[in-house]
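Survey of secondary and tertiary structure
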Amino acid sequence: MPPEVVHQPPAATRPLVDEFRLGLDAPICLTWELTYACNLSCSHCLSSSGRRDPRELSTEECFAVVDELQRLQVFYVNLGGGEPMLRPDFFPIVEYAIDHQVGVKFSTNGTFLDRDAARRLAAMDYLDVQISLDGATAAVNDAVRGAGAHRASLQAMEHLADAGFGAFKVSVVVTRENVDELDDLRALAESFGAQLRVTRLRPSGRGADTWDRLRPTQAQQRQLYAWLLGRDDVLTGDSFFHLSAFGEALPGLNLCGAGRVVFLIDTVGEVYACPFVIHDEFLAGNVRDPGGFTDVWRSSELFASLREPGSEGACTSCGSYDACQGGCMASKFFVGLDLDDPDPECVLGNAEELLDRVGAGVGAHGAPVPRPTADHSRPGVAVPSPVTLRPTRRTRP
Ligand code: SF4
Ligand code: SF4
């Protein structure tokens with residue numbers, strides 16, 4: 001039988017969202033974990049950071065990656081970690097990227113962002129900073145990020161404001177414990193001339209162990225959705241599109257961009273489909289391979305398969321599919337659901353029965369629950385154990 005010919009309308013007439021679904025010639029932006037070293041041990045860290053990997057990309061290799069980004073005309077990179085400012089060559093890498101027309105947005109816990117660093121950052125163009133903060137109060141924040149983390153974040157925010165940096169971002173992972181503080185967090189950000197950015201908690205990295213305790217309840221998901229509607233000044237990184245199944249769609253692309261518009265370069269150059277799926281199953285190649293990450297982006301079989309129209313699976317009959325698209329691939333994967341199952345936080349409750357079937361290390365369909373490929377946690381350093389202020393709806397063994 002001859003291969004089926006799929007007739008696509010010419011690119012010029014396709015809606016933008018279809019362009020994204022099919023995958024772009026080059027990513028618009030990407031996440032790049034510069035190091036797994038971190039002075040903190042946050043309980044929900046998506047990359048299980050703590051220890052530096054001795055194989056991490058050298059300064060010269062980082063420059064070569066930037067050269068490729070420039071050739072591909074990537075708009076900007078999200079530099080993260082770990083704590084990226086722990087790299088001794090952090091500023092040279094940032095400056096090299098900016099000098100090569102690749103904008104930089106970087107995330108930091110703020111510990112090393114002192115007065116001098118703030119002044120140096122404020123003098124750069126095409127740079128944005130995100131300070132991580134997971135609670136308006138030290139009690140809520142430090143229960144997740146560790147003692148002293150709240151003070152360090154606020155101090156960094158003060159330094160940026162004093163240096164005249166402009167509107168940096170305050171980045172919050174929304175949890176069961178801080179969802180009631182969103183107004184306070186927004187006011188706090190504004191008091192420094194900053195903008196609030198909220199993202200979704202995923203069960204990735206060390207988050208796999210705390211997700212069930214920290215994820216917002218169903219009632220809180222509705223509360224969050226209502227809060228986000230109409231607050232266009234609050235950035236979301238398009239990470240709450242599963243909430244759009246409540247009704248009116250939240251602003252954004254409302255699709256899983258894994259391997260299509262986003263991907264991750266990790267600290268040793270591995271290329272994954274998304275920052276939240278650091279697992280061999282989503283490993284597309286390495287920037288150290290011949291052809292670099294340009295080849296990975298354009299020729300990886302994994303990325304090609306992610307760009308295919310997906311099976312809607314159990315979501316097929318859902319009237320909200322257009323809004324929610326079945327939710328987040330990473331969240332399904334790391335809680336032991338199949339990729340065509342509903343999102344584990346499906347707002348219509350369609351994953352409840354599947355989650356009830358997940359047991360200790362065994363997924364909803366009998367396969368082992370995947371664990372993150374690597375754990376960089378520092379041995380002997382305690383991970384904060386978030387206090388559960390509200391009862392967990394479901395306790396699994
Ligand atoms: S897997 Fe989840 S976090 Fe990653 S791009 Fe898709 S929706 Fe976003
Ligand atoms: S059933 Fe699937 S498409 Fe419908 S709301 Fe739930 S996750 Fe979204």
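Residues numbered from 1 in each chain as written. Chains lettered and ligands numbered in written order. Predicted model: local features only at pLDDT ≥ 70, side-chain atom pairs only at ≥ 80, totals over all residues.

**Description of the overall build of the protein**
Note the threshold: Numbered from the N terminus, helices here are DSSP runs of H or I no shorter than four residues, and strands are runs of E no shorter than two. Both definitions apply: the radius of gyration is a C-alpha atom measure, and the globule rule equals 2.2 Å times residues to the power 0.38. Any residue surrounded by 20 or more other C-beta atoms within 10 Å of its C-beta is treated as buried, while 12 or fewer makes it exposed and the intermediate range makes it partly exposed; C-beta atoms here are placed from the backbone. By definition, residues are in contact whenever their C-beta atoms, placed on the basis of the backbone, come within 7 Å of each other.
Helix and strand counts for the protein come out as 14 helices and nine strands. The C-alpha atoms of the protein give a radius of gyration of 20 Å, which matches the 21 Å a tight globule of 397 residues would have. The principal-axis extent of the C-alpha atoms belonging to the protein is close to 65 × 50 × 45 Å. Scored against the burial criterion, the 397 residues of the protein give a buried share of 46%. Restricting to contacts in the protein with at least 6 residues of sequence separation, those with at least 24 account for 71%.

**Regarding the site of ligand 1**
Note the threshold: Defining nearness, a residue is near a molecule or strand when the C-beta atom obtained from its backbone falls within 6 Å of it. Lys, Arg, Asp and Glu make up the charged group, whereas Ala, Val, Leu, Ile, Met, Phe, Trp, Tyr, Cys and Pro make up the nonpolar group; the residues left over, Gly among them, are polar.
Close to ligand 1 lie Cys256, Gly257, Ala258, Val262, Cys274, Phe276, Val277, Cys328, Met329 and Ala330. Taken together, the residues that form the shell around ligand 1 break down as nine nonpolar, one polar and no charged.

**Details of the pairing of strand β6 (residues 195-200)**
For clarity, the threshold we go by: A pair of strands counts as paired when DSSP detects no fewer than two bridges linking them.
With six bridges joining them, strand β5 (residues 169-174) and β6 adopt parallel strand pairing. Following the sheet pairing, Lys169 is matched in β6 by Gln195.

**Thoughts on the site of ligand 2**
Ligand 2 sits among 14 residues. The nearest are Ala245, Cys315, Cys318, Cys324 and Cys346. Tallied by class, residues from the shell around ligand 2 come to nine nonpolar, four polar and one charged.

**Points about the nonpolar core**
Note the cut-off: For the purposes of this analysis, a nonpolar core is taken to be any set of buried Ala, Val, Leu, Ile, Met, Phe, Trp, Tyr and Cys residues that are connected through C-beta atoms within 7 Å.
Val77, Val170, Val271, Tyr272, Ala273, Cys274 and Val277 are the most contacted members of the largest nonpolar core, which totals 100 residues. When sequence neighbours within four positions are dropped, the list of residues in contact with Tyr272 reads Phe263, Leu264, Asp266, Val277, Ile278, Phe282, Leu283 and Ala284.

**What about the confidence of the model for the protein?**
Worth spelling out the cut-off: How sure the predictor is of each residue is captured by pLDDT, a score from 0 to 100.
Overall, the prediction assigns the protein a mean pLDDT of 89, with 90% of residues at 70 or greater. Low confidence marks residues 1-12, where pLDDT is under 50. Its contacts with residues over four positions away, or in another chain, come to two contacts. Here residues 388-397 is modelled with pLDDT under 50, and outside its nearest four sequence neighbours on either side it reaches eleven contacts, counting other chains as well.

**A closer look at the packing of helix α2 (residues 59-71) against helix α3 (residues 90-99)**
Which entries qualify depends on this criterion: Helix axes use the C-alpha atoms of the stretch in contact, all axes being lines fitted to C-alpha atoms, and the angles between their N-to-C directions lie in the range 0 to 180 degrees. Angles are sorted into four bins: roughly parallel if under 35 degrees, roughly antiparallel if over 145, roughly perpendicular if 65 to 115, and oblique for all others. In this scheme the handedness of a crossing depends on how the near helix is turned from the far one: anticlockwise by less than a right angle means left-handed, clockwise means right-handed.
In the contact formed by α2 and α3, the axes pass within 10 Å of each other and the chain directions differ by 20°. With respect to α3, the axis of α2 lies roughly parallel. As α2 packs across α3, the resulting crossing turns out to be right-handed. Within the contact between the two elements, α2 uses Thr59, Cys62, Phe63 and Val66 and α3 uses Pro92, Ile93, Tyr96 and Ala97.

**A look at unusual backbone geometry**
Here the residue pair Gly81 and Gly82 is connected by a cis peptide bond, since its omega of 15° sits within 30 degrees of zero. Position of Gly82 relative to the elements: it lies in the loop between β2 (76-80) and α3. Residues other than glycine seldom take positive phi values, yet Tyr126 does so here, at roughly 65°. Mapping Tyr126 onto the fold places it in the loop between α4 (115-122) and β4 (127-132). Residue classification places Tyr126 among the partly exposed positions, given that 14 C-beta atoms sit within 10 Å. Non-glycine residue Gln325 carries a positive phi angle of around 60°. Classification of Gln325 as buried rests on a count of 21 C-beta atoms within 10 Å.

**Comments concerning helix α7 (residues 182-191)**
In plain terms, the rule: An arc is given here, and it is the one of the directions from the helix axis to the C-beta atoms.
Buried residues of α7: Leu182, Leu185, Arg186, Leu188 and Ala189, and no others. Buried residues of α7 fall within an arc of 160° about the axis and therefore sit on the same side. Turned more than 90 degrees away from the buried face of α7 sit Asp183, Ala187 and Ser191, all of them exposed. On its buried face, α7 sits against β5, β6 and α9 (218-228). Looking one or two residues beyond α7, the residue adopting positive phi is Gly193, at roughly 75°.

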